[in-house]
Amino acid sequence: QLQLVESGGGLVHPGESLRLSCVASGYTLDYYNIGWFRQAPGKEREGVSCISSSGGHAAYADSAKGRFTISRDNAKNTVYLQMNNLKPEDTAVYYCAARLLVQYECGLPKYEYDYWGRGTQVTVGT
């Protein structure tokens, strides 16, 4: 049973940075694509970024391009989301999710993913 646990969220001011981590247990992440999603109050859960099982492909939502960077360390069974220049619009619960490898490229639709963490809160404001 694959389990995912997010960490690294918190309260920051606009323009500051956070680094989110997603640690997997139960199975190695070597064979899973990983996605980061977020959900703000009253809004649908949306894909932010994803990375292929090998780390060779990554994708970003338009809102994340140029500010966020996804990476993974399969040896540590961990994926990261570096978030720079945070804006109030980034406020949301951030989730990581895993999809058993079916293709080398990852995708952002949430329905593609099978396993989910419980989320970590990111709040950008004062």
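Being a predicted model, the structure only gives us computed values, none of them experimental.

Chemist: So what's going on with the overall build of the protein? Which residues, and what values?
Modeler: Along the protein, the regular secondary structure elements total 0 helices and 11 strands. When its helices and strands are written in sequence order, the protein yields β-β-β-β-β-β-β-β-β-β-β. If you line up the protein on its principal axes, its C-alpha atoms span 40 × 25 × 25 Å. Across the protein, contacts joining residues at least 24 apart in sequence account for 61% of those joining residues at least 6 apart. Summed over all atoms, the accessible surface of the protein reaches about 6600 Å², with 48% contributed by carbon and sulfur. Here the protein holds 12 positive side-chain charges and 12 negative ones, and the gap between their average locations is 2 Å.

Chemist: Can you tell me about a nonpolar patch on the surface, naming the residues and giving the values?
Modeler: Where nonpolar side chains cluster on the molecular surface, the patch consists of Tyr 31, Leu 100 and Leu 101 and spans about 290 Å² of accessible area. One can find Leu 100 in strand β9 (residues 92–100).

Chemist: Requested: an account of the nonpolar core, with residues and values cited.
Modeler: Ranked by size, the top nonpolar core spans 27 residues in total, and within it Leu 4, Leu 29, Trp 36, Phe 68, Leu 81, Met 83 and Tyr 94 carry the most contacts. Among the elements of the structure, β3 (18–25), β4 (32–39), β5 (46–51), β7 (68–73), β8 (78–83), β9 and β11 (120–124) are those that each provide at least two residues to this core. Apart from the residues within four sequence positions on either side, Met 83 is in contact with Glu 16, Ser 17, Leu 18, Leu 20, Arg 67, Phe 68, Tyr 94 and Val 122. Formed by 6 residues, the second largest nonpolar core is a distinct cluster that contains Cys 50, Ala 59, Ala 97 and Cys 106.

The rules we used
Here the residue numbers are simple positions, counted from 1 along each chain's written sequence. Owing to the predicted nature of the model, reporting of local features is limited to residues with pLDDT of at least 70; listing and counting of side-chain atom pairs is limited to 80 or more, with chain, interface and lining totals taken over all residues. No hydrogens and no water enter the side-chain calculation; it runs on all heavy atoms of the structure. Numbering of helices and strands runs from the N terminus, with a helix taken as a DSSP run of H or I at least four residues long and a strand as a DSSP run of E at least two residues long. Residue contacts are counted whenever heavy atoms from the two residues lie within 4.5 Å of one another. In this description, accessible areas are obtained by the Shrake-Rupley approach with a 1.4 Å probe, and a residue is regarded as covered only by the protein chains that are shown. The positive count covers Lys and Arg only, the negative count covers Asp and Glu only, and His and the chain ends enter neither. Charge coordinates come from a single atom per side chain, which is NZ of Lys, CZ of Arg, CG of Asp or CD of Glu. Grouping into patches uses exposed residues only, defined as over 30% relative accessible area, and leaves out salt-bridged ones; the cut-off is 9 Å for like charges and 5 Å for nonpolar side chains (Val, Leu, Ile, Met, Phe, Trp, Tyr). We define a salt bridge as a contact between a side-chain nitrogen of Lys or Arg and a carboxyl oxygen of Asp or Glu at a distance within 4 Å. To qualify as a nonpolar core, a set must consist of buried Ala, Val, Leu, Ile, Met, Phe, Trp, Tyr and Cys residues joined through side-chain atoms within 4.5 Å. The buried label applies to any residue whose accessible area, calculated with a 1.4 Å probe on protein chains only, is under 20% of its type's maximum; exposed applies above 50%, and partly exposed to all values in between.

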